[in-house]
Amino acid sequence: QVQLVESGGGLVQAGGSLRLSCAASGGIASINAMGWHRQAPGKERELVAAITRGGSTKYADYVKGRFTISRDNAKNTVYLQMNSLKPEDTAVYYCAAGVTMFYFGAWGQGTQVTVSS
């Protein structure tokens, strides 16, 4: 069974940067895609970015040009570099893993990102 542990969230001012990390363990061979989702209060969880083992990526339109997802397959770790953060990026960010970028079966516990104006 896949376990995911996120780190790197916190409080930052608008315009600042944060980098999230997610380390996977257990059942690694079953993972092709890893991704980041977020959920703001009162809103549904939404995909932010995802990356396959081969390096293919997809991003939500509202983070293109600001966020970058990357992956270190040797360390079974995925990163989300978030630049030019906005107050509306405030949310709990969840790491996820799955067979494809369209379905994620394993989830981390989430890490809070708060962007102050």
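See the structure printed just above.
Residues numbered from 1 in each chain as written. Predicted model: local features only at pLDDT ≥ 70, side-chain atom pairs only at ≥ 80, totals over all residues. Heavy atoms only, no water.

One non-glycine residue, asparagine 76, lies in the positive phi region at around 50°. Inspection of the secondary structure puts asparagine 76 in the loop between strand 7 (67-72) and strand 8 (77-82). One non-glycine residue, serine 84, lies in the positive phi region at around 50°. With respect to the helices and strands, serine 84 occurs in the loop between strand 8 and strand 9 (91-98). (Helix = DSSP H or I, 4+ residues; strand = E, 2+ residues; numbered from the N terminus.)

To continue, consider the state of the cysteines. Within this structure, the stated rule accounts for one disulfide. Residue cysteine 22 pairs covalently with cysteine 95 via a disulfide, S to S 2.0 Å. For the disulfide bridge between cysteine 22 and cysteine 95, the dihedral angle about the S-S bond is near -80°, and by the sign convention the bridge is left-handed. Remark: cysteine 95 occurs in strand 9 and cysteine 22 occurs in strand 3 (residues 18-25); sequence separation between them is 73 residues. Residue classification places cysteine 95 among the buried positions, given a relative accessible area of 0%. (Disulfide = S-S within 2.5 Å. Buried < 20%, exposed > 50% of the residue type's maximum accessible area, 1.4 Å probe, protein only.)

Structurally, the position occupied by threonine 57 is in strand 6 (residues 57-59). When the C-alpha atoms of threonine 57 and alanine 24 are compared, they prove to be 18 Å apart, with 33 residues separating the residues in sequence. When near neighbours in sequence (up to four residues on either side) are disregarded, threonine 57 contacts Ala50, Ile51, Ile69 and Met101. (Contact = heavy atoms within 4.5 Å.)

With that settled, consider empty space enclosed by the protein. Where empty space is left becomes clear once a probe the size of a water molecule has been rolled over the atoms. Overall, the coordinates contain one cavity of 30 Å³ or more when judged by the stated rule. Quantified by volume, the largest cavity comes out at close to 40 Å³. (1 Å grid on protein atoms, 1.4 Å probe; cavity = no way out; pocket = protein on both sides within 12 Å on 5 of 7 lines; lining within 4 Å. Points joined across faces, edges and corners; volume = space filled by probe spheres on them.)

This paragraph deals with the sheet that holds strand 7. The antiparallel open sheet is built from four strands, whose spatial order is 1-3-8-7. Edge positions in the open sheet fall to strand 1 (3-7) and strand 7, since each of these has one partner strand only. The average angle at which neighbouring strand axes cross in this sheet is 15°, direction not considered. Judged from the six bridges that link them, strand 7 and strand 8 form a sheet pairing that is antiparallel. What sits directly across from aspartate 72, in strand 8, is threonine 77. (Pairing = 2+ DSSP bridges. Axes fitted to C-alpha atoms, helices over the stretch in contact; angles between N-to-C directions.)

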